[in-house]
Amino acid sequence: MDEEARLSRALGAPVAPKRDARFVLAVMRDAEAARFKKASLLAVLRGAGFAAAAAALAVPFLGSASAGGAALQSGAVGAGALLTLVLAWRVMTGRAAAVRR
Amino acid sequence: MTETHDEARLIVAARRGESRAFAALVDAHQQAVRGFLRRFTGHWADADDIAQEAFVTAWRKLDAFEGRSSFRSWVCGIGFRIARDARRSHNRASARDTDWLAESDDAPDAAPIEDRMALAAAMATLPDEQRAAVALCLGEGFSHTEAAAILKLPLGTVKSHVTRGRERLLKALETNDG
């Protein structure tokens, strides 16, 4: 056999399997993890944006109502608890949507 | 329905977020992408890791795929750049292995192991772009035009890389006989 034929034979042989379910599954597992990470990050960023907007709205209110200390404190705690619940709900729904996709 | 139409349909579905469609694309093209990267890196396990990373990157950036090349070429290009950057940062030129040569020895029409060892050693001595061009065109059957798009090189440069690389590989086989 001449060198040309030997070269073609040695180089032309496939070096990876035609089908490999394990490889496909490994790629899809990583792809889903990357998508979940992105979705979670977006949810957190949206939540942070919402919190910043709420805080910006609350500052003038705090300034004008500085006289009523106790009532203001309980109101702020209640608003904070509500905000935490909303953020947790958004993160969980973002996660569920990522898993469903 | 043709293969191209099937691929276009799968890409549209994958862009909508259908993971089954993307899995079908991975299944259809993993052999070419892994084959190219195994030949290029000379390291089987690293090549498969890079191929995996290339497909995940393709999944994340699917909206940026313009369809000017085939999906297979696009992912090979992503894999090539990941592999090249990894070699630059880790200086892995000497980390080539030849385990895969022995594992593919049971193929019915396999070339003698001595020839494949000699070629693997010769491939390791080729410059990166030349080795990539040889792996694509002579190893995986890509056209010169496709290889030029993958490697982002002028067509004439790719043709020259393939011709010179082929000469050096032939010389390695001759030397191996002596």
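As a starting point, this report considers the structure included with it. Just so it is clear, the structure is predicted and the values come from calculations on it, not from any experiment.

### Points about the overall build of chain A
Along the backbone of chain A there are 3 helices and 0 strands. The linear arrangement of helices and strands in chain A, starting from the amino end, is α-α-α. In chain A, which comprises 101 residues, the share counted as buried stands at 23%. Counting only carbon and sulfur atoms, one obtains 70% of the accessible surface of chain A, whose full area is about 6,800 Å².

### Some words on the overall build of chain B
Looking only at helices and strands, chain B has 9 helices and 0 strands in total. Counting helices and strands in the order they occur from the N terminus, chain B gives α-α-α-α-α-α-α-α-α. Going through the 178 residues of chain B one by one, you find that 51% of them count as buried. Considering only intrachain contacts with a sequence separation of at least 6, the fraction spanning at least 24 residues in chain B is 63%. Accessible surface computed for chain B: about 8,700 Å², of which carbon and sulfur atoms make up 50%.

### Side note on the side chain of glutamine 52 of chain B
If you trace the backbone, glutamine 52 of chain B turns up in helix H3 (residues 44–60). From its side chain, glutamine 52 of chain B meets the backbone oxygen of alanine 26 of chain A in a polar contact 3.5 Å long.

### Some points on the interface of chain B and chain A
With 37 residues of chain B in contact, the opposing surface of chain A contributes 28 residues. Surface buried jointly by chain B and chain A totals about 3,100 Å² across both partners, of which 60% is contributed by carbon and sulfur atoms. Seen at the junction of chain B and chain A, the total is 4 salt bridges. A salt bridge links arginine 6 of chain A to aspartate 115 of chain B; the nearest nitrogen and oxygen atoms lie 2.7 Å apart.

### As for a nonpolar patch on the surface
Taken together, the side chains of Leu41, Leu42 and Leu45 of chain A present a nonpolar region at the surface, about 290 Å² in accessible area. Take leucine 42 of chain A: its relative accessible area is 38%, and that puts it in the partly exposed class.

Rules and cut-offs
- Residues numbered from 1 in each chain as written.
- Chains lettered and ligands numbered in written order.
- Predicted model: local features only at pLDDT ≥ 70, side-chain atom pairs only at ≥ 80, totals over all residues.
- Heavy atoms only, no water.
- Helix = DSSP H or I, 4+ residues; strand = E, 2+ residues; numbered from the N terminus.
- Buried < 20%, exposed > 50% of the residue type's maximum accessible area, 1.4 Å probe, protein only.
- Areas by Shrake-Rupley, 256 points an atom, 1.4 Å probe, with all protein chains shown as cover.
- Contact = heavy atoms within 4.5 Å.
- Polar contact = N/O pair within 3.5 Å; in protein donor to acceptor, adjacent residues only side chain to side chain.
- Buried area = accessible area lost by both parts, 1.4 Å probe.
- Salt bridge = Lys/Arg side-chain N within 4 Å of Asp/Glu carboxyl O.
- Patch = residues over 30% accessible without salt bridge, like charges linked within 9 Å, V, L, I, M, F, W, Y side chains within 5 Å.

By themselves, these are just geometric observations and shouldn't be taken as functional.
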